[in-house]
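Listed below are the residues making up each chain.
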Amino acid sequence: MEAGVLENAKQELEAKGFLDVDVDPTLDLFEEINRLKKEKNAVILAHYYQEPDIQDIADYIGDSLGLAQEAEKTDADMIVFAGVHFMAETAKILNPTKKVVIPDFKAGCSLSDSCPPPLFQKFKEQHPDHVVVSYINCSAGIKALSDVIVTSSNARIIVDSFPKDQKIIFAPDKNLGAYINKVTGRDMLLWNGACMVHEIFSLEHITKLKQQHPNAKFIAHPECEEHILKIADFVGSTTGLLKYTIENEATEFIVATETGILHQMEKSSPNKKFIPAPPDNGCACNDCPHMKRNTLEKIYLCMKYETPDIIMDEALRLAAKKPIDRMLEISKQAGL
């Protein structure tokens, strides 16, 4: 590649979010990415919501808790984070001396965006007697304002670790917070945030689908709205949903979460049928547009040129690390 082409692509990186350069169509990207892993001592961490090719090339695939745990213990020199921005931020918070790259810097999160740190800080100041429990799907700025971070895998256990009379602010997901309130008997104060993917499921369409597949189990992520969770046979984290489909004897499952997880469900249980729960958005898809910004080509480019990478103010990193460390410690004690 001409040096000028690469330099122009780097100058446009902030505007575009990724290195916009041509990739030789004859390249075997799986082979090239594996070569770069060895050459750069790199590890690829991928969320379940990534496209199948990315999941298949990843060294570790998991949900937010598993990815944070894996990021904490890796001995790689470079972490390639195939997910969204807050996940790569979390990896950098836990690994300040390692290079953390992300295929597309604009792979954001509607839930994270729904909770701007300056507004949340004012909200927190209005409730000084509350501790702050924040879902990991938030920015480093929100993590720094939190007492402990949770994921959908450990939220109930961590909330239950506080005395019953302790007042709690839960941010940013109102649906997950409401679900945790229900299962713990708490009355946490909820920030009004939500995930765009998990709020589009149609109760009417799901009800019709259940009638068409009477033997199917309906399973849902707790980021879904309450009226969806009420009719679910099982509610759980992404990993929890996957585990349920493996262990349950049913052969059909209607799945209310981002469609990326179906790839792992089908690989784990090839003789079972997995049906994405229908959304109410005029199409048959419920993909996260942010997660799907990442591609195999962008993985290759960010590894080769080691950009875009996560840069973080050290004071912010240290403040954000404390509640993450607390989460990891409680999770370890609970055997998660």
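Throughout, a residue's number is its position along its own chain's written sequence, starting from 1. Local features are withheld for residues below a pLDDT of 70 in this predicted model, meaning they are given only at 70 or higher, and side-chain atom pairs are given and counted only at 80 or more; totals for whole chains, interfaces and linings count all residues. Excluded from the side-chain calculations are hydrogens and water; all other atoms, namely the structure's heavy atoms, are used.

**Q** Talk me through the packing of helix 14 (residues 238-247) against helix 15 (residues 261-268); I want residue IDs and the actual numbers.
**A** For the pair helix 14 and helix 15, the least separation of the axes is 10 Å and the interaxial angle reads 25°. Taken as axis vectors, helix 14 and helix 15 run roughly parallel relative to one another. The hand of the helix 14/helix 15 crossing is right-handed. Along its contact with helix 14, which presents Thr238, Leu241, Leu242, Thr245 and Ile246, the element helix 15 presents Ile261, Gln264, Met265 and Ser268. Axes, fitted as lines to C-alpha atoms, cover a helix only where it is in contact. Angles between the N-to-C directions of the axes lie from 0 to 180 degrees. Working definition: helices are DSSP H or I runs of at least four residues, strands are E runs of at least two. Numbering for both runs from the N terminus. Should an angle lie under 35 degrees it is considered roughly parallel, over 145 roughly antiparallel, and from 65 to 115 roughly perpendicular; all remaining angles are considered oblique. Here a crossing is taken to be left-handed if its near helix is turned anticlockwise relative to the far helix by less than a right angle, and right-handed if that turn runs clockwise. Residues count as neighbours in contact if any of their non-hydrogen atoms are within 4.5 Å of one another.

**Q** Tell me about the pairing of strand 3 (residues 78-82), and please be specific about residues and values.
**A** In terms of burial, strand 3 is a largely internal element, five of the five residues being buried. Side chains of strand 3 alternate between two faces, with Met78, Val80 and Ala82 and Ile79 and Phe81 buried alike. DSSP-based pairing: two strands are paired if at least 2 bridges between them are found. Summarising the sheet, strand 1 (residues 42-47) and strand 3 pair through five bridges and their orientation is parallel. What sits directly across from Ile44, in strand 3, is Val80. With a 1.4 Å probe rolled over the protein chains alone, any residue whose accessible area is under 20% of its type maximum counts as buried; one over 50% counts as exposed, and the rest are partly exposed.

**Q** For the nonpolar core, give the residues involved together with the corresponding values.
**A** In plain words, nonpolar cores are sets of buried Ala, Val, Leu, Ile, Met, Phe, Trp, Tyr and Cys residues tied together by side-chain atoms within 4.5 Å. Membership of the largest hydrophobic core comes to 60 residues, with the highest contact counts inside it found for Phe81, Val133, Met265 and Met327. By residue number, the principal contributor to this core is helix 6 (residues 85-94), which donates six residues. Aside from chain neighbours lying at most four places away, what touches Met265 is Ile219, Leu241, Leu242, Thr245, Val255 and Phe274. Formed by 25 residues, the second largest nonpolar core is a distinct cluster that contains Ala9, Ile44, Ile54 and Leu296.

**Q** Would you mind going over the environment of Glu39 in detail, with residue names and values included?
**A** Structurally, Glu39 can be placed in helix 3 (residues 29-40). Judged by relative accessible area, which is 52%, Glu39 ranks as exposed. Separated by 101 residues in the primary sequence, Glu39 and Ala140 have C-alpha atoms spaced 30 Å apart.

**Q** Before we move on, can you summarise unusual backbone geometry with the specific residues and values?
**A** Look at the link from Ala171 to Pro172: it is a cis peptide, with omega at -10°. Mapping Pro172 onto the fold places it in the loop between strand 7 (167-171) and helix 11 (174-184). Of note, the bond from Thr307 into Pro308 is cis; its omega dihedral lies within 30 degrees of zero at 0°. Residue placement: Pro308 occurs in the loop between helix 16 (296-305) and helix 17 (314-333). Phi angles above zero are rare outside glycine, and Asn41 is one such case at about 50°. Within the fold, Asn41 resides in the loop between helix 3 and strand 1. When its relative accessible area of 34% is taken as the criterion, Asn41 is described as partly exposed. One non-glycine residue, Glu306, adopts positive backbone phi at about 55°. Summarising the element assignment, Glu306 is placed in the loop between helix 16 and helix 17. Judged by its relative accessible area of 27%, Glu306 falls in the partly exposed class.

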